Amino acid sequence: MAADPVDLAVVAFGIVVMAMGAYGLTYSRNLVRQLLSVEVAFNGLLMMLLPLLSMNTSSATYFGVVVISVVSAEIIVVVAVLVSYYRTSRSMSSDKLEEVPE
């Protein structure tokens, strides 16, 4: 059975989006940009999974609801941690995370 060209295009686009997220995570020192880069990479991974899930619509629906719930909870927790970090250090640079307070 040959692969559908649309499915291959979606997977290729997912790889590109995931690479963009990895690049942003690697070369950015700002914690907010790193958070956004992780989210972009995660969305690229989800795009690569879309062709597999399109075979069974009910499992795709359940998977979508679970993913949206998990990502929403993740964003809330990470933003709360970033706000707490900013309040204590007055900086959003990830370079200061390496410093160990005594």
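Everything in this summary refers to the structure shown in the same document. Along every chain, residues carry numbers that run from 1 in the direction the sequence is written. With the structure being a predicted model, the display of local features is reserved for residues of pLDDT at least 70 and the display and counting of side-chain atom pairs for 80 or more, all residues being used for whole-chain, interface and lining totals. Processing note: side-chain calculations cover all non-hydrogen atoms of the structure and skip hydrogens and water entirely.

**With respect to a nonpolar patch on the surface**
Item 1. Residues Val16, Met20 and Val40 make up a contiguous nonpolar surface patch of about 250 Å² in total accessible area.
Item 2. Here a strand is any run of E in DSSP of at least two residues, a helix any run of H or I of at least four, and the numbering for each starts at the N terminus. Within the secondary structure layout, methionine 20 lies in helix α1 (residues 5–27). Here a patch means residues that are over 30% exposed by relative accessible area and free of salt bridges, tied together within 9 Å if like-charged and within 5 Å if nonpolar (Val, Leu, Ile, Met, Phe, Trp, Tyr). All accessible areas in this document rest on Shrake-Rupley with a 1.4 Å probe, and a residue is counted as covered only by the protein chains that are shown. Basic side-chain nitrogens of Lys or Arg form a salt bridge, by our definition, when they fall within 4 Å of a carboxyl oxygen of Asp or Glu.

**Let's talk about helix α2 (residues 31–53)**
Item 1. In this model, α2 (23 residues) spans 32 Å end to end at C-alpha, consistent with the 33 Å of a helix rising 1.5 Å per residue.
Item 2. Three labels apply to residues, based on accessible area from a 1.4 Å probe with only protein chains included: buried if under 20% of the type maximum, exposed if over 50%, partly exposed otherwise in between. Along α2, the residues classified as buried are Leu31, Gln34, Leu35, Ser37, Glu39, Ala41, Gly44, Leu46, Pro51 and Leu53.
Item 3. Residues of α2 that are buried make contact with α1 and α3 (57–89).
Item 4. Think of a polar contact as two N or O atoms within 3.5 Å of one another; within protein, one of them needs to be a possible hydrogen donor and the other a possible acceptor, and neighboring residues in sequence only count if both atoms come from side chains. The N-cap of α2, judged by a side-chain oxygen 3.0 Å from the amide nitrogen of valine 32 a few residues on, is asparagine 30. In a helix, the anticipated span is given by 1.5 Å times the number of residues less one. Contacts are residue-level and defined by heavy atoms, with any inter-residue pair within 4.5 Å sufficient.

**Description of the packing of aromatic side chains**
Item 1. Only centres within 6.5 Å qualify two rings of Phe, Tyr or Trp (six-membered ring in Trp) as a pair; their planes then separate them into stacked at under 30 degrees, edge-to-face at over 60, and tilted for everything else. Under the definition given, this model contains one aromatic pair.
Item 2. Between tyrosine 23 and tyrosine 27 the ring centres are 4.8 Å apart and the planes differ by 45 degrees, which places this aromatic pair in the tilted class. With tyrosine 23 and tyrosine 27 both in helix α1, this residue pair falls four residues apart, about one helical turn. Here the two residues tyrosine 23 and tyrosine 27 agree in accessibility, since each one is exposed.

**With respect to the environment of valine 40**
Item 1. Within the secondary structure, valine 40 sits in helix α2.
Item 2. Taking the relative accessible area as the measure of exposure, valine 40 reaches 31% and is therefore partly exposed.
Item 3. Linking valine 40 and methionine 20, residues 20 residues apart in sequence, is a C-alpha distance of 7.5 Å.
Item 4. Those residues in contact with valine 40 that sit more than four places away from it in its chain are Val17 and Gly21.

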